[in-house]
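A structural walkthrough
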Amino acid sequence: MMVILGDTMIELLHMSFMQNAVLASVFGGVCLSAIGVCVTLMEIPFLGICMSHSAFLGAIVGLTCGFNPLLGALLACGLTGLLVGPIADHAGTSSNNILGIIFSAAMGLAFLLLARLPGPKSEALNLIWGSILTISRAEVAVLGAITAAVVLLLAVFYKEIRAVLFNREIAAASGIADGVFYYGIIVISGLVVSASLNIVGGLLIASLLVNPANAANQLCTRLWTLFVVAALIAVGSCLIGLALSYCFEVPTGAVIVLVSSAAFLAAFIFSPRRRHSGADKELP
């Protein structure tokens with residue numbers, strides 16, 4: 001099976017549109033998994049769902065007003081990221097509650113604008129289901145730049161991010177500006193989700209954000225290995241999903257998410273941490 005998939009991928013790489021899709025899979029897998037690890041350890045998995053629908057709203061606004069939908073998605077997610085953390089802190093409630101309110105408002109506005117969008121709605125609907133095979137080189141470049149920024153920030157501020165993910169209060173007591181890093185992770189999550197929207201679409205992208213990170217969490221006890229293994233699972237899920245969708249002529253986004261779900265199931269079944277339930281999350 002793996003030989004067939006390998007031969008298929010080699011065949012596909014001769015097509016320019018598939019080269020864009022493969023690059024998007026690699027870049028998207030790396031940055032989504034990195035943010036997914038942070039979201040998982042911060043215990044706000046609903047962030048991916050909220051951001052994906054904020055991105056969808058921003059893209060619809062872009063289509064309605066006649067400017068680039070990717071720019072609209074980036075702006076909407078950036079604004080959402082800036083609002084979530086401070087509102088949650090001052091409202092005296094959890095970030096997940098604020099995310100739920102923003103998610104419902106974004107969905108209502110998005111579908112209201114979608115209904116009033118003139119002409120064919122195929123471009124807008126692609127944002128819901130994803131269309132990685134039609135992703136442009138410009139979109140790949142934006143995704144690549146965001147991925148490089150995410151990796152660079154993780155490398156430069158690894159100790160601070162590790163401390164905030166472990167415990168915000170202890171990080172603050174240690175002199176770390178925990179709010180800057182906490183809110184920063186939320187804002188960057190929005191940028192990553194909006195730039196990756198075409199990979200699997202707004203309805204499925206939260207799964208690609210969460211599944212690889214949770215699969216890696218079943219296998220790893222150190223934070224740096226968690227980032228690496230999650231990236232490998234995410235990129236592998238995207239590439240295998242691409243090959244399978246080509247072989248069986250089925251929707252690419254749905255197959256990518258199913259592969260990442262299967263990866264989590266396999267990691268859960270064979271998890272050394274589950275067999276040794278006393279193992280703690282060890283942060284070096």
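To be clear, the structure that these remarks concern was listed above.
This brings us to the overall build of the protein. A tally of helices and strands in the protein yields 15 helices and zero strands. Residues counted as buried form 49% of the 284 residues belonging to the protein. Of the contacts formed within the protein by residues at least 6 apart in sequence, a portion of 75% connects residues at least 24 apart. Accessible surface computed for the protein: about 13100 Å², of which carbon and sulfur atoms make up 70%.

Here we come to the packing of aromatic side chains. Following the criterion strictly, the structure yields four aromatic pairs and no others. Taking 5.9 Å as the distance between ring centres and 55 degrees as the angle between the ring planes, the aromatic pair formed by F56 and F111 counts as tilted. Of the two residues, F56 is situated in helix α3 (residues 46–65) and F111 in helix α5 (residues 95–116); the sequence distance between them amounts to 55 residues. The class for F56 is buried, based on a relative accessible area of 3%. According to the relative accessible area criterion, F111 is partly exposed, its value standing at 40%. The positively charged end of R168 is found above the aromatic ring belonging to Y182, 4.2 Å away from the centroid.

Let us now look at the packing of α3 against helix α10 (residues 178–195). Running from amino to carboxyl end, α3 crosses α10 at an angle of 55 degrees, the nearest separation of the two axes being 9 Å. What the angle tells us is that α3 and α10 run oblique. Once α3 is placed against α10, the crossing between them reads as right-handed. Residues L47, G48, M51, S52 and A55 of α3 pack against I186, S189, G190, V193 and S194 of α10. Partitioned by chemical class, the residues of the contact of α3 with α10 number five nonpolar, five polar and no charged.

This part is about unusual backbone geometry. Look at E43: it is not a glycine, yet its phi comes out positive at around 60 degrees. If you trace the backbone, E43 turns up in the loop between α2 (16–42) and α3. For E43, a relative accessible area of 62% puts it in the exposed group.

Taken residue by residue, helix α6 (residues 122–129) has A124, L127 and I128 as its buried positions. With its buried residues spanning 100 degrees around the axis, α6 presents them on a single face. In this structure, the buried residues of α6 make contact with α3, α5 and α11 (197–200). In the segment just after α6, G130 is the residue with positive phi, at about 90 degrees.

Quick notes on the rules
Residues numbered from 1 in each chain as written. Predicted model: local features only at pLDDT ≥ 70, side-chain atom pairs only at ≥ 80, totals over all residues. Heavy atoms only, no water. Helix = DSSP H or I, 4+ residues; strand = E, 2+ residues; numbered from the N terminus. Buried < 20%, exposed > 50% of the residue type's maximum accessible area, 1.4 Å probe, protein only. Contact = heavy atoms within 4.5 Å. Areas by Shrake-Rupley, 256 points an atom, 1.4 Å probe, with all protein chains shown as cover. Phe/Tyr/Trp six-rings, centres within 6.5 Å; stacked < 30°, edge-to-face > 60°. Lys NZ or Arg CZ within 6 Å of the ring centre and 35° of its normal. Axes fitted to C-alpha atoms, helices over the stretch in contact; angles between N-to-C directions. Parallel < 35°, antiparallel > 145°, perpendicular 65-115°, else oblique. Left-handed = near helix turned anticlockwise from the far one by under 90°. Nonpolar A, V, L, I, M, F, W, Y, C, P; charged D, E, K, R; others polar. Arc of directions from axis to C-beta.

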